[in-house]
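# A structural walkthrough
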Amino acid sequence: MTARELDAAAVTDPALRAAYARCRALNARHGRTYFLATRLLPVARRPAVHALYGFARWADDIVDSLDTDMSTAERAQCLSRLQGRLECGLRDGYSPEPVVHALADTARRYGIEHRYFADFLTSMRSDLEVTDYPTYDDLQGYMYGSAAVIGLQMLPVLGTVVPREEAAGPAAALGVAFQLTNFLRDVGEDLDRGRVYLPADLLTAHGVDRDLLYWSRRTGRADARITKALKAAEDLTRDVYRRAAPGIAMLDPLARPCIRTAFVLYAGILDAIAEDGYAVVHRRAAVPCRRRLARCV
């Protein structure tokens, strides 16, 4: 299927085709929900989405991977090297690094603003230093670069039936909704990395702090205060989904099935978290493959 996608996108250079194939492999391996939704896009637009995902995944892995002994300083150096390659690739339209090569080509083809990639890397770099957020406003500052800009990067690829600036707000909100969903799903894993993404003011309102979360993670024991805080975080996330929903009708009709499916699948993760009793401190809630496929019908 990769060759068909690249042929449809008029990607003919062998090195560039290999670069896009690398991004597609990253998407298929790490972004199962996202990859499934991407299958509903017109064939010619899929390589661009794979490139955007592949770059974001690569940067995120530098920051978050637990399968490496790299120090914080070494991770920071890797991000700096990536930023240098990105700047050169966007300027020259080429990079010896396959993921950057594909991203640069996608940015050129679709006229994606380069500042969105810089903003993304700024948030990735903050993950090396910031381990919690006092308020939701503070978290929103981080999520602009880590999630909202992903929606803004996608808009030129998806296409719109309204002026792009009109669709920008809902697109950014959808990126934030997806990331808030991930934050809820990954509470336990983030604790293992020393991070708490749920804002402290939300947790404190329900009598929860970092020490209580660590205790629950360590002992495997539940606490009603944590459950209430997680339910409040779910409510907040669903409100962001509601703000994002009108944006689907603003998209090119050919792109709507993809984004509608992603919307439903990610919201389904919230359903799975609730059905599992908000036990995300102890285990990641998963949507069974059969249910994911059913939601796509």
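In this text, all values refer to a predicted model and were calculated from it rather than measured experimentally.

All chains considered together, the criterion is met by 9 aromatic pairs. Each ring, one from F55 and one from F117, has its centre 6.3 Å from the other, and the planes form 80°; the classification is edge-to-face. One end of the pair, F55, is in helix α4 (residues 46-64); the other, F117, is in helix α7 (residues 115-126), and 62 residues separate them in sequence. The two residues F55 and F117 agree in class, both being buried. With centroids separated by 4.2 Å and ring planes inclined at 20°, the aromatic side chains of F178 and Y266 adopt a geometry described as stacked. Separated by 88 residues along the polypeptide, F178 in helix α9 (residues 164-185) and Y266 in helix α14 (residues 256-275) bring together distant segments of the chain. Counting every residue linked through ring pairs, the aromatic cluster contains Y133, Y142, F183 and Y197.

Attention shifts here to the pattern of salt bridges. Here the structure, examined in full by the defined rule, presents 24 salt bridges. R115 is the partner of E113 in a salt bridge, and the nearest nitrogen-oxygen pair spans 2.6 Å. For E113, a relative accessible area of 39% puts it in the partly exposed group. Of the residues examined, R115 reaches a relative accessible area of 44% and is grouped as partly exposed. A salt bridge links E189 to R284; its shortest N-O distance comes to 3.3 Å. Highlighted residues: E189 in helix α10 (residues 187-192) and R284 in the loop between α14 and α15 (289-296), separated in sequence by 95 residues. The exposure class assigned to E189 is partly exposed, which follows from its relative accessible area of 29%. Overall, R284 belongs to the partly exposed group, its relative accessible area being 40%. Within the structure, one salt-bridge network assembled from shared partners comprises E5, R24, R39 and R46.

As a further point, take the layout of surface pockets. Here the second largest pocket defines a volume of roughly 170 Å³. V63, R75, D127, R193 and R195 are, among the 13 residues lining the second largest pocket, the residues nearest its centre. Elements represented by at least two residues in the lining of the second largest pocket include exactly α4 and α5 (72-92). The class makeup of the residues in the lining of the second largest pocket is 4 nonpolar, 3 polar and 6 charged.

This paragraph deals with the side chain of T237. Counting through the fold element by element, T237 comes out in helix α13 (residues 224-244). Here the side chain of T237 touches A233 through a polar contact of 2.8 Å, landing on its backbone oxygen. Excluding its chain neighbours within four sequence positions, the residues that come into contact with T237 are A177, L180, T181, L184 and L270.

Looking now at the packing of α7 against helix α8 (residues 136-158). Close contact between α7 and α8 brings their axes to 7 Å; oriented N to C, the two are set at 150°. On the basis of the axis angle, α7 is roughly antiparallel to α8. As for how α7 packs across α8, the hand of that crossing is left-handed. Packed against α7, whose contacting residues are R115, Y116, F117, D119, F120, S123, M124 and S126, the element α8 presents Y142, Y144, G145, S146, V149, I150, L152 and Q153 at the interface. Its residues assigned to classes, the contact of α7 with α8 comprises 9 nonpolar, 5 polar and 2 charged.

About the thresholds
- Residues numbered from 1 in each chain as written.
- Predicted model: local features only at pLDDT ≥ 70, side-chain atom pairs only at ≥ 80, totals over all residues.
- Heavy atoms only, no water.
- Phe/Tyr/Trp six-rings, centres within 6.5 Å; stacked < 30°, edge-to-face > 60°.
- Helix = DSSP H or I, 4+ residues; strand = E, 2+ residues; numbered from the N terminus.
- Buried < 20%, exposed > 50% of the residue type's maximum accessible area, 1.4 Å probe, protein only.
- Salt bridge = Lys/Arg side-chain N within 4 Å of Asp/Glu carboxyl O.
- 1 Å grid on protein atoms, 1.4 Å probe; cavity = no way out; pocket = protein on both sides within 12 Å on 5 of 7 lines; lining within 4 Å.
- Points joined across faces, edges and corners; volume = space filled by probe spheres on them.
- Nonpolar A, V, L, I, M, F, W, Y, C, P; charged D, E, K, R; others polar.
- Polar contact = N/O pair within 3.5 Å; in protein donor to acceptor, adjacent residues only side chain to side chain.
- Contact = heavy atoms within 4.5 Å.
- Axes fitted to C-alpha atoms, helices over the stretch in contact; angles between N-to-C directions.
- Parallel < 35°, antiparallel > 145°, perpendicular 65-115°, else oblique.
- Left-handed = near helix turned anticlockwise from the far one by under 90°.

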